[in-house]
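Overview (structure and organization)
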Amino acid sequence: RSTMSDDYTGDHANHSPVAEARDVETDIETVVDEQHPDANSAEESEPTHESWFEKIRNWVFSHQKNRARELQELNQTIALHPDVAMNYVLRGELYLQSDDVPRALDDFRTARILAEACLESADWGLIDQIAQDRAQRGVEKARRRLSG
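Position numbers for residues start from 1 in each chain and track the written sequence from start to end. At least 70 in pLDDT is required for a residue's local features to be given in this predicted model, at least 80 for side-chain atom pairs to be given and counted, and no such filter applies to totals for whole chains, interfaces and linings, which use all residues. Each side-chain value is worked out from all heavy atoms of the structure, with water and hydrogens disregarded.

Our focus in this paragraph is the pattern of salt bridges. Definition used for salt bridges: Asp or Glu carboxyl oxygen within 4 Å of a side-chain nitrogen of Lys or Arg. Applying the stated rule across the entire model yields 5 salt bridges. Put simply, Asp107 and Arg91 hold a salt bridge, and the shortest N to O gap is 2.5 Å. Of this pair, Asp107 sits in helix α7 (residues 101-121) while Arg91 sits in helix α6 (residues 85-97), and the two are 16 residues apart along the sequence. Residue Asp107 shares its accessibility class with Arg91, and that shared class is buried. A salt bridge links Asp100 to Arg103; the nearest nitrogen and oxygen atoms lie 3.7 Å apart. Secondary structure elements are defined from DSSP: runs of H or I of at least 4 residues count as helices, runs of E of at least 2 residues count as strands, and each element is numbered from the N terminus. Residue burial is assigned from relative accessible area. The probe radius is 1.4 Å, only protein chains are included, and a residue is buried under 20% of its type maximum, exposed over 50%, and partly exposed in between.

Here is the structure:
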């Protein structure tokens, strides 16, 4: 009988957290590439600066064309998990894409606060750090739109 702790002996026992994060990023990129095989040819002909987080977000929502449905799903997710910063980041980005800048700004600020609180109490907070960084960039984008 194998347990989860058994799965992390052997090769995984010597991995650093940074190496594990790189492995996860590679796995995510592989899934995204498999789901969107045409994306590789487009990237070769036209360079993009899409981060792996944006690839994840795009992959998650690629089956949905309706922003109202995306928003409804994020609202439900936030209702079930109101303490997860990444949910607010995703909804804030959706609001920003929909030009609902005040709501986007509120969600990015909420995400930043939640991520900061999690970082203070976590031993290993890679996702929380990503959420905090992403929320900060969202706040900056929203402020530029409000002032511009």
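That shown, we press on.
Another aspect to go through is the confidence of the model for the protein chain. pLDDT is a per-residue confidence score from the predictor, ranging from 0 to 100. On average, residues of the protein chain carry a pLDDT of 75, and 62% of them reach 70 or more. Counting interchain partners and residues more than four positions distant, the pLDDT-below-50 stretch residues 1-15 has 7 contacts. In this description, contact between two residues means that some pair of their heavy atoms is separated by no more than 4.5 Å. Note on residues 39-45: pLDDT under 50 across the span, and 3 contacts to partners over four residues away in sequence or across chains.

Bringing the side chain of Asn87 into the picture now. Note on placement: Asn87 falls in helix α6. Residue classification places Asn87 among the buried residues on the basis of a relative accessible area of 10%. Not counting chain neighbours up to four residues away, the residues in contact with Asn87 comprise Leu74, Thr77, Ile78 and His81.

Turning our eyes to something else, we now look at the layout of surface pockets. Definitions used for this entry: grid spacing 1 Å over protein atoms alone; cavity, a set of points where a 1.4 Å probe fits but cannot get out; pocket, an open set with protein on both sides within 12 Å along at least 5 of 7 lines; lining residue, one with an atom within 4 Å of a point. Grid points are joined across faces, edges and corners, and a volume is the space filled by probe spheres set on the points. What the second largest pocket holds in volume is close to 190 Å³. Glu54, Arg57, Glu93, Leu96, Gln97, Phe108, Arg134, Arg137, Gly138, Lys141 and Arg145 are the residues that line the second largest pocket. Listed by contribution, the elements that provide at least two residues to the lining of the second largest pocket are α4 (52-61), α6 and α8 (126-147). In terms of residue count, α8 provides more of the lining of the second largest pocket than any other element does, 5 residues in total. Note that Gly is not counted as nonpolar here; it falls among the polar residues with everything else outside the nonpolar set of Ala, Val, Leu, Ile, Met, Phe, Trp, Tyr, Cys and Pro and the charged set of Asp, Glu, Lys and Arg. Per-class residue counts for the lining of the second largest pocket are 2 nonpolar, 2 polar and 7 charged.

Under the 1.5 Å per step criterion, the end-to-end length of α6 is 19 Å for 13 residues, consistent within 8% with the ideal 18 Å. Of all 13 residues making up α6, 12 are buried, and the element is well covered by its neighbours. Regarding α6, the residues found buried are Ala85, Met86, Asn87, Tyr88, Val89, Leu90, Arg91, Gly92, Glu93, Leu94, Tyr95 and Leu96. Following α6 by one or two positions, Asp99 has its phi on the positive side, about 60°. Working rule for helices: expected span equals 1.5 Å times residues minus one.

Turning to the environment of Ala104, a few remarks are in order. Looking at where Ala104 falls in the secondary structure, it is placed in helix α7. The sequence separation of Ala104 and Val89 amounts to 15 residues, and the corresponding C-alpha distance is 8.5 Å. Those residues within four positions of Ala104 in sequence are excluded, and the remaining contacts are Gly92, Tyr95 and Leu96.

Turning to the nonpolar core, a few remarks are in order. Counting 15 residues, the largest nonpolar core has Phe53, Ala85, Met86, Val89, Ala111 and Ala131 as the members making the most contacts within it. Breaking this core down by element, the ones donating at least two residues are α5 (67-80), α6, α7 and α8. If one sorts the elements of this core by residue count, α6 sits on top with 6 residues. Tyr95, Leu96, Val101 and Phe108 belong to the second largest nonpolar core, which has 8 residues in total. Here, nonpolar core means buried Ala, Val, Leu, Ile, Met, Phe, Trp, Tyr and Cys residues that are tied together by side-chain atoms lying within 4.5 Å of each other.

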